[in-house]
Amino acid sequence: MMEDNILIEQYLKGTLTDAQKTAFLKRLESNAVFKAQVQLEEQMLAALGETHWSFANNTSHARVEAYKQLLESEETQLVKSTIANAHEAYKISQENKSKATNPIFKLRIVASIAAIFMILISIFWFFSTDTNTIDYKAIATKAWKKDVGLDFTVRNGTVDSTKVNLAKALQLYKNKEYSQAIASLQKYSNTSSHYKDILVVRALSYHKLQKTSVALQTLDSLRAYTPRISQWYKGLIYLEKNKLEKAALYIHIPTKENQEIKLK
Amino acid sequence: MTSTQNDFLSTLSKGKEEDILVFYQKVFPKVSRFIVSNNGRVSDAEDIFQKALLQVIVRYRKEPFAIKTSFENYFFTVCRNLWRRELNSSKLKTHHLDTLENISDVEDSAFAIVEQERYELFSEKLALLSENCGNLLSLFFKRTPYVTIMQKMGYNSENVVRQRIFKCKKRLIELIKKDHRYDDLKDI
């Protein structure tokens, strides 16, 4: 019989035969001490191995729960926004720094001084000026209201059960019952009809539940069916998360208040 | 932990914008260079840097902890691990989307913190082993074949290498299990 240390090592390296693996898994199920030993070795291999990572998955663990509460607290939200502000301030300081060290920029300063005179004159000709502060939130809200990709309708008496369920899921989504919307579409796979529409409702529901990475992943799957809708919502989600650089990869972000978001 | 590092961590944990900005100027370029040279973009570096800062502050506010290196080096390791986690999680999502569907952003951040705590416990104990054991296990955890370890470390046979690794690993496990943090982290 193989020694436990060799057995565990071969299991973690994936070199056990099918029969050995079956016996190994059976022992894992019935022997808690052995299971803890395997789990620790697996975690060490992943955490200390540089190329892999040891993922936790016990959502009900007291320590995870304590951190979740702390992360959701008002104080942490405040720290989060302070970090975001510091990040913006850092970016601006870097931009200014690179401009200041650029010789072309120095020439531009001279040109700018001359231009200031022109600007001062031009001010007299305008009764109002455009503001540089753009309310991205308002612009994004307008874009979300377009409900891109959510225009599927069901005629009375239709026999297409997928379409009927899809319409119900959309209604749940609109009623802000996002978990139910996802659950109602759970049985469908990529062989189902209207799969494109199913992915849209799923992705948006995940987004509303703050499961951003799953929402983005679902939109990545949607790309194979309808790249434009996938791109549109990825852009809007990033914009909502205040990640302008990433949002700009997918959508044209307005530079003026009266402009609308457009797809790239 | 030196008092300077202690002060710095404690100052940062107060979450003042000017202190965070100073830290950004000092450390972000190094983190950004690392992520960009490891299949990432500057925007990824920005995400990771912000997540790492939040993680360190939240942890310190929950239970002030000690670091044995410079704070900059420590923070860089947190960023490096978060990036390693991100790259591996993308791989996981490609194959097991369903299993990850129920994880919210907050849950994911909570997991990232306990995983970092677990990593710190393991690496701290690894550093307590003899130099020879440390080197052997580092190669072993990097999944280096026994034959390569044998040649690199000058052993006579693969079997000797295997036995030596077994002994070192056993010692490491003992050290980990003796630490009070292990009880808190083992079932996660």
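Here is what the cut-offs are and how they apply
Within any chain, residue numbers begin from 1 and follow the written order of that chain's sequence. All chains are assigned letters beginning at A, and all ligands numbers beginning at 1, according to the order in which they are written. The predicted nature of this model means local features are confined to residues of pLDDT at least 70 and side-chain atom pairs, given and counted, to a pLDDT of 80 or more, with totals for whole chains, interfaces and linings taken over all residues. With hydrogens and water excluded, all non-hydrogen atoms of the structure serve as input to the side-chain values. Labels follow the DSSP assignment, with helices taken as runs of H or I lasting at least four residues and strands as runs of E lasting at least two, numbered in each case from the N terminus. Pairs of N or O atoms are called polar contacts if they sit within 3.5 Å, as long as, within protein, a hydrogen donor faces a hydrogen acceptor (for residues adjacent in sequence, only side-chain-to-side-chain pairs). Contacts were defined at the residue level, with two residues in contact if any of their heavy atoms lie within 4.5 Å. The angle between axes fitted to the seven residues ending at a residue and the seven residues starting there is what we call the bend at that residue. Classification of residues uses two cut-offs on accessible area relative to the type maximum, computed with a 1.4 Å probe and protein chains only: under 20% is buried, over 50% is exposed, and between them is partly exposed. The definitions used throughout rest on a 1 Å grid laid over the protein atoms alone, on which a cavity is an enclosed set of points accommodating a 1.4 Å probe that cannot get out and a pocket is an open set flanked by protein within 12 Å on both sides along at least five of seven lines; lining residues are those having an atom within 4 Å of a point. Grid points are joined across faces, edges and corners, and a volume is the space filled by probe spheres set on the points. Ten residue types, Ala, Val, Leu, Ile, Met, Phe, Trp, Tyr, Cys and Pro, are classed as nonpolar, four, Asp, Glu, Lys and Arg, as charged, and the remainder, Gly among them, as polar. Joining two parts hides part of their accessible area as seen by a 1.4 Å probe, and the buried area is that hidden amount summed over both. By salt bridge we mean one thing: a side-chain nitrogen of Lys or Arg within 4 Å of a carboxyl oxygen of Asp or Glu. Stacked, tilted and edge-to-face are the three classes applied to pairs of Phe, Tyr and Trp rings, where Trp contributes its six-membered ring and a pair requires centres within 6.5 Å; stacked means planes under 30 degrees apart, edge-to-face means over 60, and tilted covers the rest. As used in this record, nonpolar core signifies buried Ala, Val, Leu, Ile, Met, Phe, Trp, Tyr and Cys residues forming a set joined through side-chain atoms within 4.5 Å.

**Q** Please clarify how the side chain of Arg84 of chain B should be interpreted in this entry.
**A** For Arg84 of chain B, the location among the structural elements is in helix 4 (residues 71-95). There is a polar contact of 3.2 Å between the side chain of Arg84 of chain B and the side chain of Asn81 of chain B. Sequence-distant contacts of Arg84 of chain B, defined by excluding residues within four places in its chain, comprise Ala46, Ala47, Gly49, Glu50, Thr51, His52 and Trp53 of chain A together with Tyr119 of chain B.

**Q** Please clarify how helix 2 (residues 17-36) of chain B should be interpreted in this entry.
**A** Along an α-helix, a turn takes 3.6 residues, which lines up residues three or four apart on a common side. Where helix 2 of chain B bends most, at Val27 of chain B, the angle is about 45°, and the proline Pro29 of chain B comes one to four residues later. For helix 2 of chain B, the complete set of buried residues consists of Ile20, Phe23, Tyr24, Val27, Phe28, Val31, Ser32 and Ile35 of chain B.

**Q** Is there a simple way to think about the layout of surface pockets in this case?
**A** If you roll a probe as big as a water molecule over the atoms, it shows you where there is empty space left. There is about 890 Å³ of room inside the second largest pocket. Forming the boundary of the second largest pocket are 32 residues, of which Tyr119, Glu120, Ser123, Glu124 and Arg181 of chain B lie nearest the centre. Looking at the lining of the second largest pocket, the elements that each hand over two or more residues are helix 4 (62-72) of chain A together with helix 4, helix 6 (105-128), helix 7 (131-141) and helix 10 (180-185) of chain B. In terms of residue count, the dominant contributor to the lining of the second largest pocket is helix 6 of chain B (8 residues). Here the lining of the second largest pocket is composed, by residue class, of 12 nonpolar, 7 polar and 13 charged.

**Q** Sorry if this is basic, but what is going on with the interface of chain B and chain A here?
**A** By convention, interface size is frequently given as the accessible area that disappears when the constituent parts associate. Between chain B and chain A, the residue contacts involve 72 residues of the former and 61 residues of the latter. Summing the contributions of chain B and of chain A, the shared interface buries around 6,500 Å²; its carbon and sulfur component is 63%. In terms of surface lost to chain A, no three residues of chain B exceed Arg84, Phe141 and Arg143 of chain B, which account for 10% of the buried area on that side. At the surface where chain B touches chain A, the tally comes to 6 salt bridges. Across the pair Glu117 of chain B and Arg63 of chain A runs a salt bridge, and its minimum N-O distance is 2.8 Å. Summed over the shared surface of chain B and chain A, the number is 18 residue pairs in polar contact (both at pLDDT 80 or more).

**Q** Looking at this structure, I do not really get the packing of aromatic side chains. What am I missing?
**A** Aromatic ring pairs are reported here in terms of the distance separating the ring centres and the angle at which the planes meet. Taken as a whole and judged by the stated rule, the model has 23 aromatic pairs over all chains. Aromatic pair Tyr11 of chain A and Phe24 of chain A: ring centres 4.1 Å apart, planes at 20°, arrangement stacked. Placement of the pair is Tyr11 of chain A in helix 1 (residues 4-13) and Phe24 of chain A in helix 2 (residues 18-30), with a sequence separation of 13 residues. Classification of Tyr11 of chain A by relative accessible area gives partly exposed; the value is 22%. Overall, Phe24 of chain A belongs to the buried group, its relative accessible area being 2%. When the centroid spacing of 5.1 Å and the interplanar angle of 70° are considered together, the rings of Phe49 of chain B and Phe75 of chain B count as edge-to-face.

**Q** Please explain empty space enclosed by the protein as it appears in this structure.
**A** With the rule as written, the count across this model stands at 4 cavities of 30 Å³ or more. Taken as a whole, the largest cavity encloses approximately 70 Å³ of empty space. Forming the walls of the largest cavity are Glu9, Leu12, Lys13, Glu41, Met44 and Leu45 of chain A together with Phe140, Phe141, Arg143 and Lys169 of chain B. Contributions of two or more residues to the lining of the largest cavity are made by helix 1 and helix 3 (32-47) of chain A together with helix 7 of chain B.

**Q** Would you mind going over the nonpolar core with me for this structure?
**A** Generally speaking, a soluble globular protein has its nonpolar side chains buried in company with each other. Phe49 and Phe75 of chain B are the most contacted members of the largest nonpolar core, which totals 82 residues. Considering each element in turn, this core owes the most residues, 10 residues, to helix 3 (residues 42-62) of chain B. When sequence neighbours within four positions are dropped, the list of residues in contact with Phe49 of chain B reads Phe23, Tyr24, Val27, Phe28, Val31, Phe75 and Cys79 of chain B. By size, the runner-up hydrophobic cluster in this structure holds 40 residues, among which are Val201, Leu219, Leu239 and Tyr250 of chain A.

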